[in-house]
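Understanding the architecture of this molecule
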Amino acid sequence: MAARPVPDLPAGTIPRHVAIIMDGNGRWAKKRFLPRIAGHKQGVESVRRIARAARKLGIEVLTLYAFSSENWRRPEDEVRDLMGLLRHFLASELDELVSEGVKLRVIGGWRSLAPDLVAMIDGAVARTASNPGPTLVIALNYGAQAEILAAARRLAEQVRDGALDPAAIDETRFEAELETADLPPLDLLIRTSGEHRLSNFLLWQAAYAELLFVDTLWPDFDEAALADAIDRYGQRQRRFGGL
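These lines cover the structure that appears in this document, whether it is placed above or below. This structure is a prediction, so every number in the text was calculated from the model and none was measured. Every chain's residues receive numbers from 1 upward, in the order its sequence appears when written. Per-residue local features of the predicted model are confined to residues with pLDDT of at least 70, and side-chain atom pairs are confined, for both listing and counting, to 80 or more; whole-chain, interface and lining totals are unaffected and use all residues. The side-chain numbers reported here are obtained from all heavy atoms of the structure, hydrogens and water having been left aside.

Points about the layout of surface pockets
Stated precisely, the cut-off is as follows: Buriedness for pockets is judged along seven lines, at least five of which must meet protein on both sides within 12 Å for an open set on the 1 Å grid over protein atoms alone, while cavities are sets there where a 1.4 Å probe fits but cannot get out, and lining residues have an atom within 4 Å of a point. Grid points are joined across faces, edges and corners, and a volume is the space filled by probe spheres set on the points. Strands are runs of DSSP state E lasting at least 2 residues, helices are runs of H or I lasting at least 4, and numbering of each runs from the N terminus. Under the convention adopted here, Pro, Cys and the residues Ala, Val, Leu, Ile, Met, Phe, Trp and Tyr are nonpolar, Asp, Glu, Lys and Arg are charged, and Gly plus all remaining residues are polar.
Here the largest pocket defines a volume of roughly 710 Å³. Of all the secondary structure elements, the ones that give two or more residues to the lining of the largest pocket are helix H1 (25–31), helix H2 (36–57), strand E2 (61–68), helix H3 (76–99) and strand E4 (135–142). A breakdown of the residues in the lining of the largest pocket according to their chemical character gives 15 nonpolar, eight polar and six charged.

Section: the packing of H2 against H3
Angle between the axes and distance between the axes: these two values describe a pair of packed helices. Test applied: In this description, a line fitted to the C-alpha atoms serves as the axis of each element, helices being fitted only across the stretch in contact, and the angle between N-to-C directions of two axes falls anywhere from 0 to 180 degrees. Between 65 and 115 degrees an angle is taken as roughly perpendicular, under 35 as roughly parallel, over 145 as roughly antiparallel, and anywhere else as oblique. Handedness of each helix crossing follows the sense of rotation of the near helix against the far helix: counterclockwise by less than a right angle gives left-handed, clockwise gives right-handed. Residues count as neighbours in contact if any of their non-hydrogen atoms are within 4.5 Å of one another.
Running from amino to carboxyl end, H2 crosses H3 at an angle of 30 degrees, the nearest separation of the two axes being 10 Å. Comparing their axes, H3 and H2 come out roughly parallel. H3 is crossed by H2, and the crossing has right-handed handedness. Each of Arg36, Ile37, His40, Lys41, Val44, Val47, Arg48, Arg52 and Arg55 in H2 lies in contact with H3, whose residues at this interface are Glu78, Asp81, Leu82, Leu85, His88, Phe89, Ser92, Glu93, Glu96 and Leu97. For the contact of H2 with H3, the per-class residue count stands at seven nonpolar, three polar and nine charged.

Topic: the packing of aromatic side chains
The way to describe two aromatic rings as a pair is by their centre distance and the angle between their planes. Rules: Planes of paired rings set the category: under 30 degrees apart is stacked, over 60 is edge-to-face and the rest tilted, where pairs are Phe, Tyr or Trp rings (Trp by its six-membered ring) whose centres lie within 6.5 Å. Buried residues are those whose accessible area, probed at 1.4 Å on protein chains only, stays under 20% of the maximum for their type, while exposed residues exceed 50% and partly exposed ones sit between those limits.
Tallied over the entire structure, the rule returns six aromatic pairs. Between tyrosine 65 and phenylalanine 201, the aromatic rings sit 4.2 Å apart at their centres with planes inclined by 10 degrees, giving stacked as the arrangement. Here the residue tyrosine 65 occupies a position in strand E2, and phenylalanine 201 occupies one in the loop between strand E5 (188–191) and strand E6 (210–213), the gap between them amounting to 136 residues. With a relative accessible area of 8%, tyrosine 65 lands in the buried category. With centroids separated by 6.0 Å and ring planes inclined at 85 degrees, the aromatic side chains of tyrosine 142 and phenylalanine 201 adopt a geometry described as edge-to-face. Of the two residues, tyrosine 142 sits in strand E4 while phenylalanine 201 sits in the loop between E5 and E6, which places them 59 residues apart along the sequence. Considered together, tyrosine 142 and phenylalanine 201 belong to a single accessibility category, that of buried residues. Pairwise contacts between aromatic rings join Tyr65, Tyr142 and Phe201 into one cluster.

Some words on unusual backbone geometry
The omega angle of the peptide bond from glycine 133 to proline 134 is 5 degrees, so this bond is cis rather than trans. Relative to the helices and strands, proline 134 resides in the loop between helix H4 (115–128) and E4. We note that serine 193 has phi near 85 degrees; this positive angle belongs to a residue other than glycine. Among the secondary structure elements, serine 193 is positioned in the loop between E5 and E6. Even without a glycine there, the phi angle at asparagine 200 is positive, about 65 degrees. By the element assignment, asparagine 200 lies in the loop between E5 and E6. Under the relative-accessibility criterion, asparagine 200 is labelled buried at 12%.

A few points about empty space enclosed by the protein
Over the atoms, a rolled probe matching the size of one water molecule traces out where space is still vacant. Inspection of the entire model under this criterion finds two cavities of 30 Å³ or more. Taken as a whole, the largest cavity holds about 70 Å³ of empty space. Taken together, Ala51, Ala54, Arg55, Ile59, Glu60, Leu62, Val102, Pro134, Thr135 and Leu136 make up the full set of residues lining the largest cavity. Of all the elements in the fold, those that place two or more residues in the lining of the largest cavity are H2 and E4. It is H2 that contributes the most residues to the lining of the largest cavity, three residues altogether.

Points about the side chain of glutamate 210
With respect to the helices and strands, glutamate 210 occurs in strand E6. If sequence neighbours within four positions are ignored, glutamate 210 has contacts with Asp187, Leu188, Leu189, Tyr233, Arg236 and Arg238.

Side note on the sheet that holds E2
The condition is simple: Strands pair, by our definition, only if DSSP identifies at least two bridges between them.
Taken together, six strands build an open sheet; the order of strands is E3-E4-E2-E1-E5-E6 and the sheet is parallel. Two strands lie at the open edges of the sheet, namely strand E3 (103–107) and E6, each paired on one side alone. If you compare each strand with its neighbour and ignore which way they point, the axes differ by 20 degrees on average. In the sheet, E5 pairs with E6 via four bridges, with the strands oriented parallel. Residue leucine 188 lies in a different strand from E6, and its bridge partner there is glutamate 210. Here helix H7 (residues 223–234) sits on the sheet in contact with strand E1 (17–21), E5 and E6, set at roughly 135 degrees to E5.

Written out as structure tokens, the structure reads:
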């Protein structure tokens, strides 16, 4: 299918940091009487399409929820297929990320994955580290509660060792311990497939993000759908607790 053109949007309405919970691959396949892996393969195509569209729109950071820490509960063959698709994505897309100046980041407990996959991720991150941006963040074996607990534990250890005064721990100091510490604040979080929950994704970062839940299944989420989401974001008034 040919890519749909990305509409022009007013520069001031473009969020700096967009995150997406990519949901609905299995339901997309079920509707077509296909195995779930077919939905995941089509979902990878959507990743390619949306990553390119985000760059065209001028989004600085795109964070994608690729595999949660809870996804290990899925059938073993499905997890194996998902890891295979991740290997294929890294191998097939790395040259384009480099040529487009994209910096790849990975957050979550991805170092507990298979050694060959960890090596692929390390290589891809290192190869793009000096790119000027934009940034593509992949959340792998990620859970926001675990991220917050790890940050709290590191701060507690610093207090225990006498390196940090508990009174100095504020929101800014806490955020410095999160995996997204050097990224722009999250502006817009999108979830596809009609579900209305965050599923343990960027819980701290989403505190003042705009949330958008769309019925479109992830494999059907295209350039026009992203542009529509950005347009809807631009129509909202962000008060951050004020009037």
